[in-house]
Amino acid sequence: MFFVDTLEFEGLGNRSYLAGGPRAAVAVDPPRDIDQVIATAAKRGVRIAYVAETHVHNDYITGGPELARVTGASYLVPAAAHVSFARTPVADGDTVTVDEGLVLRALATPGHTPHHTSYVLEEDGHGAAAFTGGSLLIGTVGRPDLVEPRLTEELARAQHASAHRLADELDDEVPVLPTHGFGSFCSSSQAEGDATTIGRERTVNDALTLDVDTFVAEMLAGLDDVPAYYAHMGPANAAGPAPVDLTPPGRADAGEIAARLAAGEWVVDLRSRTAFAEGHVAGSFNFEGDGKLATYLAWLIPWGKPVTLLADTPERIADAQRELARVGIDRPAAAATGAPAAWIREGERLASFPRARFADLAEVRGRGEEVVVLDVRRDSERAAGHVEGAVHVPVHELYGRLDEVPSGTVWVHCAGGMRAAIAASLLDAAGRAVVAVDDGFDAAREAGLTVTRP
């Protein structure tokens with residue numbers, strides 16, 4: 001009997017897998033913090049014999065080279081991938097024996113990248129699981145526009161062909177186990193559901209139900225923004241990432257926090273948006289530790305800028321440090337924990353700003369008060385409807401476009417509250433009067449606000 005263990009990384013919207021038999025296993029698309037993979041193997045009592053990459057990743061730093069080094073595993077990387085480290089190149093049809101009766105077969109599935117390779121785990125010659133990386137996902141496929149703009153349409157057509165190849169070669173009951181699609185921007189759209197099979201995908205996946213021209217046209221029309229930090233992930237993975245260092249950062253006192261802010265460094269408060277609004281270090285930014293921390297912090301921060309982390313507990317700092325390391329934000333400059341009153345110098349006061357609902361905004365507008373409404377959702381979200389008169393600056397562009405926000409008190413909103421809190425903290429740090437709308441966007445129309453389409 002074989003097993004497949006799933007390692008979920010909700011912050012980045014990805015999964016990794018450990019699969020094998022009673023003695024040995026293969027790790028597929030491992031995260032940079034490899035200790036979790038090693039611990040999973042230890043619980044199973046198996047040796048990690050192989051580490052397999054489906055592609056050179058664009059959205060996170062791989063732990064593949066280090067996991068292979070530490071465990072002595074063979075490191076399987078698509079032969080066509082341009083990398084500068086030692087690995088075992090695999091081409092279409094290559095196989096390795098993971099354990100007795102268990103074979104891993106490489107299946108070329110270009111589309112997400114030109115060299116993308118899926119892996120089929122076969123038990124006694126029958127397909128048992130398909131590790132599809134960024135190829136066939138749950139109800140969708142990986143996006144084809146992350147490598148080179150001139151290749152986008154060609155890769156989209158390749159995605160269609162690769163999905164059909166997987167469906168043609170595998171039986172309906174074979175589980176599809178993708179790396180992307182659970183919130184990752186590497187997915188062309190977000191997954192519906194938590195698990196799938198080849199048979200289900202035959203009936204619901206556009207790549208398998210639409211003709212190639214229609215599929216390509218609809219996919220290209222629906223592609224969303226690409227996080228800025230993606231530009232750094234591919235080169236880092238191709239070069240071979242350095243081992244991760246998760247030792248705790250040095251402790252910062254109030255004087256050091258102030259000095260780092262004065263030097264133009266980023267001080268990031270990981271507490272809830274409610275707690276941050278009630279009281280925070282002036283000039284600090286709020287990226288909730290429970291939100292999509294790595295995605296949005298890495299997207300907004302000038303690459304290489306030192307970052308100091310603030311949180312209520314050391315555990316929150318450690319979790320954030322681990323998540324940020326997955327996207328190449330290594331070694332926080334410093335950290336502080338406890339209550340925010342300890343993070344400011346004697347004589348200073350904590351900053352704060354109000355939170356509100358769309359109903360409050362409607363009431364203010366109904367009184368005739370002039371306020372600025374700032375919509376920080378992405379273009380694709382705004383296209384479905386926006387509050388009449390709202391200024392639009394996506395949150396990932398706001399740090400560089402603060403001067404475009406009109407004067408006056410800014411009521412900032414997103415789709416649910418998290419990104420509005422980030423934006424409110426950026427505006428507050430810039431000295432603007434701000435109100436963070438912490439509400440679902442559906443409540444805007446219910447509150448009597450006019451919602452229109454562009």
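Residues numbered from 1 in each chain as written. Predicted model: local features only at pLDDT ≥ 70, side-chain atom pairs only at ≥ 80, totals over all residues. Heavy atoms only, no water.

Chemist: Looking at this structure, how should I read the overall build of the protein chain?
Modeler: The helix and strand inventory of the protein chain stands at 16 helices and 22 strands. Radius of gyration (C-alpha) of the protein chain: 24 Å, near the 22 Å computed for a compact globule of 454 residues. Principal-axis analysis of the C-alpha atoms gives the protein chain an extent of 70 × 50 × 35 Å. Residues counted as buried form 56% of the 454 residues belonging to the protein chain. Across the protein chain, the fraction of contacts at a sequence separation of at least 24, relative to all contacts at a separation of at least 6, is 68%. Accessible surface, the protein chain as shown: approximately 18,100 Å² in total, 49% of it carbon and sulfur. Between the centroid of the 39 positive side chains of the protein chain and the centroid of its 65 negative side chains there is a distance of 4 Å. (Helix = DSSP H or I, 4+ residues; strand = E, 2+ residues; numbered from the N terminus. Rg over C-alpha atoms; globule rule 2.2 N^0.38 Å. Buried < 20%, exposed > 50% of the residue type's maximum accessible area, 1.4 Å probe, protein only. Contact = heavy atoms within 4.5 Å. Areas by Shrake-Rupley, 256 points an atom, 1.4 Å probe, with all protein chains shown as cover. Lys, Arg positive; Asp, Glu negative; His and termini not counted. Charge placed at Lys NZ, Arg CZ, Asp CG, Glu CD.)

Chemist: What is the right way to read helix α11 (residues 314-325) from this model?
Modeler: Two residues of an α-helix separated by three or four positions point the same way, owing to the 3.6 residues in each turn. Here α11 spans 16 Å end to end across 12 residues, near enough to the 16 Å set by a 1.5 Å rise per residue. Taken together, the buried positions of α11 are occupied by Ile317, Ala320, Gln321, Glu323, Leu324 and Ala325. (Expected span 1.5 Å × (residues − 1).)

Chemist: So what exactly am I meant to see when it comes to the sheet that holds strand β2 (residues 14-20) here?
Modeler: Sheets are built from strands paired through backbone hydrogen bonds, the pairs being either parallel or antiparallel. What the six strands build is an open sheet, ordered β1-β2-β3-β4-β5-β6; its pairing is mixed. Of all the strands in the sheet, the pair left with one neighbour each is β1 (3-9) and β6 (88-90). Within this sheet the neighbouring strands show an average axis-to-axis angle of 25°, counted without direction. Sitting on the sheet, helix α1 (residues 35-44) touches β1, β2, β3 (24-28) and β4 (47-52), and the angle it makes with β1 is about 150°. Helix α2 (residues 64-71) contacts β3, β4 and β5 (74-78) of the sheet and is inclined by roughly 155° relative to β4. (Pairing = 2+ DSSP bridges. Axes fitted to C-alpha atoms, helices over the stretch in contact; angles between N-to-C directions.)

Chemist: Help me understand the pattern of salt bridges in this model?
Modeler: In a structure, side chains of opposite charge can pair up when their charged atoms sit close to one another. Within this structure, the stated rule accounts for 39 salt bridges. In this structure, Asp245 and Arg331 form a salt bridge, with 3.6 Å as the shortest nitrogen-oxygen distance. Here Asp245, found in the loop between α7 (230-239) and α8 (254-262), pairs with Arg331, found in the loop between α11 and β15 (334-337); they are 86 residues apart in sequence, far enough to count as distant. According to the relative accessible area criterion, Arg331 is partly exposed, its value standing at 33%. Connected via shared salt-bridge partners are Asp92, Arg105, Glu122, Arg165 and Glu169. (Salt bridge = Lys/Arg side-chain N within 4 Å of Asp/Glu carboxyl O.)

Chemist: Teacher, can you tell me more about the packing of helix α3 (residues 152-169) against helix α6 (residues 212-222) here?
Modeler: Between two packed helices, both the angle of their axes relative to each other and the distance between the axes serve to describe the pair. One way to put it is that α3 packs onto α6 with a least axis distance of 9 Å and a crossing angle of 125°. The angle between the axes of α3 and α6 places the two elements in the oblique class. For the pair α3 and α6, the sense of crossing is right-handed. On the side of α3, the interface is formed by Thr152, Glu153, Ala156, Arg157, Gln159 and His160, while α6 contributes Val212, Asp213, Phe215, Val216, Met219 and Leu220. (Parallel < 35°, antiparallel > 145°, perpendicular 65-115°, else oblique. Left-handed = near helix turned anticlockwise from the far one by under 90°.)

Chemist: I tried to follow unusual backbone geometry on my own but got confused; where do I start?
Modeler: What you tend to see is this: most non-glycine residues have negative phi, and most peptide bonds are trans. Positive phi, close to 50°, is recorded for Asp124, a residue that is not glycine. Assignment of secondary structure puts Asp124 in the loop between β9 (117-123) and β10 (126-133). Backbone geometry places Arg331, a non-glycine residue, at a positive phi of 50°.

Chemist: Looking at this structure, I do not really get the packing of aromatic side chains. What am I missing?
Modeler: Working definition: an aromatic ring pair is given by the centre-to-centre distance plus the angle between the planes. Counting across every chain of the model gives 11 aromatic pairs. For the ring pair Tyr17 and Phe131, a centre distance of 5.5 Å and an interplane angle of 55° mean the geometry is tilted. Separated by 114 residues along the polypeptide, Tyr17 in strand β2 and Phe131 in strand β10 bring together distant segments of the chain. The pair Tyr17 / Phe131 is uniform in exposure class, with both members buried. Geometrically, the ring pair formed by Tyr296 and Trp299 is stacked, given 5.7 Å between the ring centres and 15° between the ring planes. Remark: Trp299 and Tyr296 occur in helix α10 (residues 293-300); sequence separation between them is three residues, near one turn of the helix. Cluster of aromatic residues (ring-pair linked, three or more members): Trp266, Phe285, Phe287 and Tyr399. The ring of Phe182 carries Arg15 above its face, with NZ or CZ at 3.8 Å from the centroid. We note Arg377 situated over the ring of Phe441; from NZ or CZ to the ring centre the distance is 4.0 Å. (Phe/Tyr/Trp six-rings, centres within 6.5 Å; stacked < 30°, edge-to-face > 60°. Lys NZ or Arg CZ within 6 Å of the ring centre and 35° of its normal.)

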